[in-house]
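Breakdown of the fold
Here is what each chain is made of, one letter per residue.
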Amino acid sequence: MSTERSENLKYYDGLRKIYKKPEDYEFVGKSYNRIDAEDKVTGRAKCTADIYLPGMLYGKLKRSPFAHAKIISIDTSRAEALPGVKCVITGKDFRGGKLGNPEAFKELADKESLCKDKVRFVGDEVAAVAAVDEETAIEAVELIDVVYEEFPCALDPVEAMKEDASVIHEPGTQNLSMLTTMQSGDCDKAFSEADYTDKHRYSTQMMVHAALEPHGAVATWENNEITIWTTTQGAHVSRFWIAHGLGIPQSQVRVIKPYLGGGFGGKLDVFPHELCACLMSMKTGRPVKIILDRKEVFYGTRTRHPMELEIETAFRKDGTMLAKRCRHVLDGGAYGGSGVAANVLSLIWATLPYKVANIDMMARRPYTNKPAAGAMRGYAASQVHFANEVHMDEVAEELGIDPVELRRINACVPGYEGPTGLQVTSCAFKETLDKAAEAIGWEERKNGLKRGEGIGFAGSGFVSGTGFPVLETPKYHSASTTVRLNREGYATIFTGANDIGQGSDTVMTMIVAEELGLKMDEVKIVQSDTTLTPFDSGSFGSRVTFLAGNAARRAVGDAKLSLLEVVAENWNCQPEDIVMKDHRVFKRGDSTNDISFSEAVWMYEEKHYGKSVVGVGSFAHDGDKEIYKKNRGNYAAAYSFSTGAASVEVDEETGCIDLSELVLAHDCGQPLNLRAVEGQVEGSVHMGLGFALFEECRFDETGKMLNPTFLDYRFPTALDMPRIRTITCGQPDEEGPFGAKEAGEGSTPPVAPAIVNAINRATGLKFHDLPITPEKVWRALKARKAAEAAGVQEGRNCGKP
């Protein structure tokens, strides 16, 4: 792997001389309160549903009752005649293009704002109404008469790819929305020379994000511009697709992200309700609010991809992995959107966190007549690492090698270049393995586990921010930030980064405060408003701290250097000789040159005739922007690594699983806020636990979701959570802001497989399919007892044949 520093780093090299040194850090590596904490705990935080505008109308959507059908006719006359109804629209009212994501795959955009000719899942949108109140809008929707011709539906992704399957989008495509292959080395030769080969199949379920805040939008058309407050994870990307869907220039669209009550990937795409609110405001001249109810969020937004994974590996008897073959089938649901990226990502994750030179991988993402799948925390990695990590435990057992040691033998190390071009720089995966094993007491406990007890391990690798900005941008940059220093004694950050609850606003504020020697309440932030803030790709791929954080540090560094050059000129010294701390600006080791921050800014403005001190920074990854099309290259500037260790007890009489402890060791480089890192890990454990043992969307044979409410969709509560121990590992990353890497998504994927491996060890069974419910465990144990009583050879694989 090349050790040359990236062009992105070189461009900002001039700022390094005035950056704070580690020994002078005041905030980095410590714990401090989030800047939005008081607003949230007092209820002052305003989410989209809290926005009320004069004369506002309320919108509702008419949805399809069928999973697959042709629209014969839509009659809106009865709805239009209802008193209080101000607007009714259908697909023919839209003049723009179809919705998708990202821009590079715009030709694959496949979702109409409202369906014109065909519906593809139960809940597909066919019409919208705006009325004086929500009750009238609901009544009006029921008065819209739609005549359908029902088609056979395809619910199973494998069946959907057969020649005789019902055509969901285009004929002759086998219902494939995306096909991806990756090859490197000589797999056939490696398998022929291997001492041991192993092949298994695994499957994962459909899940929803279950964010507390439902999706919604408030739109108003004023002065030939649409302004929309919306539940988005990427304001600038949303502006692009909203303008595209409406058929108007982006200059006529302003997107504002209010406080967001969780996203987890589910608010990354643009949805029909946003376009409908905009269009109905344009038609009526009045603001329009649409807030989805919980059922609509379940079946009308995005889900996690269910996956069928076949993994075949080749090993030497010493535990060295020689080759890997993978075949992934991703249930894409009815549409593409952000989900099209899952194919290539699923194969990228299969090359981490272990070294392997020879690969032969293929992923297929067929359409089905179910809700569309998209990004969800640990995008595609949670499913892939579940399968690969359970597989690693099975290989360890067959080879007679300790499961931790097998992982250490094959672990990625600094400087490793993967078979598809991933370039690992900082890497502490072995450290995470060792510390997780030590914390869970593996060496002391592994040979003395009681009946029904199990300990399981799992590793993972993840990107610390993708190099893919979603939209076409100059130099393919992903994040931009502006910082202004004010002579009144504070600084202002203008960032397009989208805080969706993870605390990125606090990180941006801390970065600026740290460099300027200010208190955090002396830094004000303006964020996620496409008219006021510079471009940012959004919150996904665990990218905000690394990418937007770098942009923020470079922006404040740019402003700081401009300021210090003026001060240094007055003091006859160099900018790097000057320290900014505790609201003071002073020459190191010289008490005679010491002024306040405000005085320093005044000095700059005095010299420049009142010009403000402004700095601009950005981040652009050096990777190949064609990586999604070539399926080869370095996908991110840095990679994080994790190890999960779970301790469980299984009641053999009931199948109930007690997860008593989970240790998560995470290589996050230099933690910026220890408390925030711990909070991210605890959230990862919660989502991983739900993935492993609880959550699943269920459907009947007609494609109708059976459990689209929090009453019927089971997810873990605080009462189900184990004792969690968070261990931070690794050294500062050269390219990360203050050396930081991600901590939001990469800590999620190892949780489920660690739990599953612990259950497999506790029961002596092999579970390959999620979720693992008490009923599934009980039935498997009962079947084993029956087989043993009948004298039949034990069948240990409890997954699908």
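These numbers were taken from a predicted model, which means no experiment stands behind them. (Residues numbered from 1 in each chain as written. Predicted model: local features only at pLDDT ≥ 70, side-chain atom pairs only at ≥ 80, totals over all residues. Heavy atoms only, no water.)

Our focus in this paragraph is the overall build of the protein. Counting its secondary structure elements, the protein contains 21 helices and 28 strands. Since a compact globule built from 801 residues should have a radius of gyration of about 28 Å, the 27 Å found for the protein is in line with a globular shape. A principal-axis box enclosing the C-alpha atoms of the protein has dimensions of 90 × 75 × 45 Å. Across the 801 residues of the protein, 64% fall into the buried class. (Helix = DSSP H or I, 4+ residues; strand = E, 2+ residues; numbered from the N terminus. Rg over C-alpha atoms; globule rule 2.2 N^0.38 Å. Buried < 20%, exposed > 50% of the residue type's maximum accessible area, 1.4 Å probe, protein only.)

This part is about the pairing of strand E19 (residues 479-486). Most of E19 sits out of view: six of its eight residues are buried. Taken together, the seven bridges between E19 and strand E25 (residues 613-619) define a ladder with antiparallel strand orientation. Residue Val483 lies in a different strand from E25, and its bridge partner there is Gly615. Sheet analysis places E19 next to strand E20 (residues 490-495), joined by six bridges and oriented antiparallel. Each bridged residue has a counterpart across the sheet, and for Leu485 the counterpart in E20 is Ala491. Connecting E19 to the antiparallel partner E20 that follows it, the hairpin turn spans three residues, and Gly489 within it adopts a positive phi of roughly 105 degrees. (Pairing = 2+ DSSP bridges.)

Next up on the list: the sheet that holds strand E22 (residues 578-581). Strand order across the open sheet formed by three strands is E22-E23-E24, with antiparallel pairing between neighbours. Strands with a single pairing partner mark the edges of an open sheet, and in this sheet they are E22 and strand E24 (590-596). Sheet twist, expressed as the average angle between the axes of neighbouring strands with direction ignored, equals 25 degrees. Pairing analysis gives four bridges linking strand E23 (residues 584-587) to E24, with the strands arranged antiparallel. Bridge assignment links Val585 to a residue of E24, and that residue is Ile595. Contacts between helix H16 (residues 544-571) and the sheet are confined to E22, E23 and E24, with E22 contributing the most and set at about 125 degrees to the helix. (Axes fitted to C-alpha atoms, helices over the stretch in contact; angles between N-to-C directions. Contact = heavy atoms within 4.5 Å.)

Taken together, Lys92, Arg95, Lys98 and Lys116 make up a surface patch of like positive charges. The exposure class assigned to Lys98 is partly exposed, which follows from its relative accessible area of 39%. (Patch = residues over 30% accessible without salt bridge, like charges linked within 9 Å, V, L, I, M, F, W, Y side chains within 5 Å. Areas by Shrake-Rupley, 256 points an atom, 1.4 Å probe, with all protein chains shown as cover. Salt bridge = Lys/Arg side-chain N within 4 Å of Asp/Glu carboxyl O. Lys, Arg positive; Asp, Glu negative; His and termini not counted. Charge placed at Lys NZ, Arg CZ, Asp CG, Glu CD.)

With respect to topology, three strands assemble into an open sheet ordered E4-E2-E6, the strand pairing being antiparallel. On the outer flanks of this sheet lie strand E4 (118-119) and strand E6 (145-150), each paired with one strand and no other. Of the strand pairs in this sheet, strand E2 (residues 69-75) and E6 are connected by six bridges, and their pairing is antiparallel. Of the residues in E6, the one forming a bridge with Ala69 is Glu150.

Quick look at the packing of helix H15 (residues 504-516) against H16 now. The relative placement of two packed helices comes down to the angle between their axes together with the axis-to-axis distance. Following both chains from N to C, one finds H15 and H16 inclined at 30 degrees, their axes separated by 9 Å at the closest point. The orientation of H15 with respect to H16, classified from their angle, is roughly parallel. Taken as a pair, H15 and H16 cross one another with a handedness that is right-handed. Counted together, Ser504, Val507, Met508, Ile511, Val512, Glu515 and Leu516 of H15 and Val544, Thr545, Ala548, Gly549, Ala552, Arg553, Val556 and Lys560 of H16 form the full contact between these two elements. Tallied by class, the residues present in the contact of H15 with H16 amount to nine nonpolar, three polar and three charged. (Parallel < 35°, antiparallel > 145°, perpendicular 65-115°, else oblique. Left-handed = near helix turned anticlockwise from the far one by under 90°. Nonpolar A, V, L, I, M, F, W, Y, C, P; charged D, E, K, R; others polar.)

Turning our attention to the packing of H16 against helix H17 (residues 597-607). It is at 9 Å that the axes of H16 and H17 come closest, and there the two elements cross at 85 degrees. Classed by the angle they form, the pair H16 and H17 counts as roughly perpendicular. On H17, the residues that touch Ser562, Leu563, Val566, Val567, Glu569 and Asn570 of H16 are Ala600, Val601, Met603, Tyr604 and Lys607. The class makeup of the residues in the contact of H16 with H17 is seven nonpolar, two polar and two charged.

The α-helix winds at 3.6 residues per turn, so residues separated by three or four positions along the chain end up facing the same way. Burial in helix H12 (residues 403-410) covers these residues: Pro403, Val404, Leu406, Arg407 and Asn410. Burial along H12 is one-sided: seen end-on, the buried residues are contained in an arc of 160 degrees. Of the residues that open H12, the one with a side-chain oxygen 2.8 Å from the backbone nitrogen of Val404 is Asp402. (Arc of directions from axis to C-beta. Polar contact = N/O pair within 3.5 Å; in protein donor to acceptor, adjacent residues only side chain to side chain.)

Secondary-structure assignment places Glu515 in helix H15. Since its relative accessible area comes to 0%, Glu515 is described here as buried. In terms of polar contacts, Glu515 uses its side chain to reach the backbone amide nitrogen of Lys20, at 3.2 Å. When near neighbours in sequence (up to four residues on either side) are disregarded, Glu515 contacts Ile18, Tyr19, Lys20, Arg553, Val556, Lys560, Met580 and Phe738.

Before going further, it helps to examine the packing of aromatic side chains. Under the criterion given, the structure shown has 16 aromatic pairs. Ring geometry for Tyr11 versus Tyr12: centroids 4.9 Å apart, planes at 80 degrees, classification edge-to-face. Note on Tyr11: relative accessible area 67%, which makes it exposed. Residues Phe298 and Tyr713 carry aromatic rings whose centres are separated by 5.3 Å and whose planes lie at 75 degrees to one another, so their mutual orientation is edge-to-face. Taken together, the positions of Phe298 in helix H9 (residues 294-300) and Tyr713 in the loop between helix H19 (674-694) and strand E28 (723-729) put the pair 415 residues apart, joining distant regions of the chain. Looking at Phe298, the relative accessible area reads 2%, which means it is buried. Through pairs of rings, three or more aromatic residues link up here, namely Phe298, Phe710, Tyr713 and Phe715. Above the plane of the ring of Tyr335 lies Lys111, whose end atom (NZ or CZ) is 4.9 Å from the centre. Here the basic side chain of Arg304 rests over the ring of Phe691, its NZ or CZ set 4.7 Å away from the ring centre. (Phe/Tyr/Trp six-rings, centres within 6.5 Å; stacked < 30°, edge-to-face > 60°. Lys NZ or Arg CZ within 6 Å of the ring centre and 35° of its normal.)

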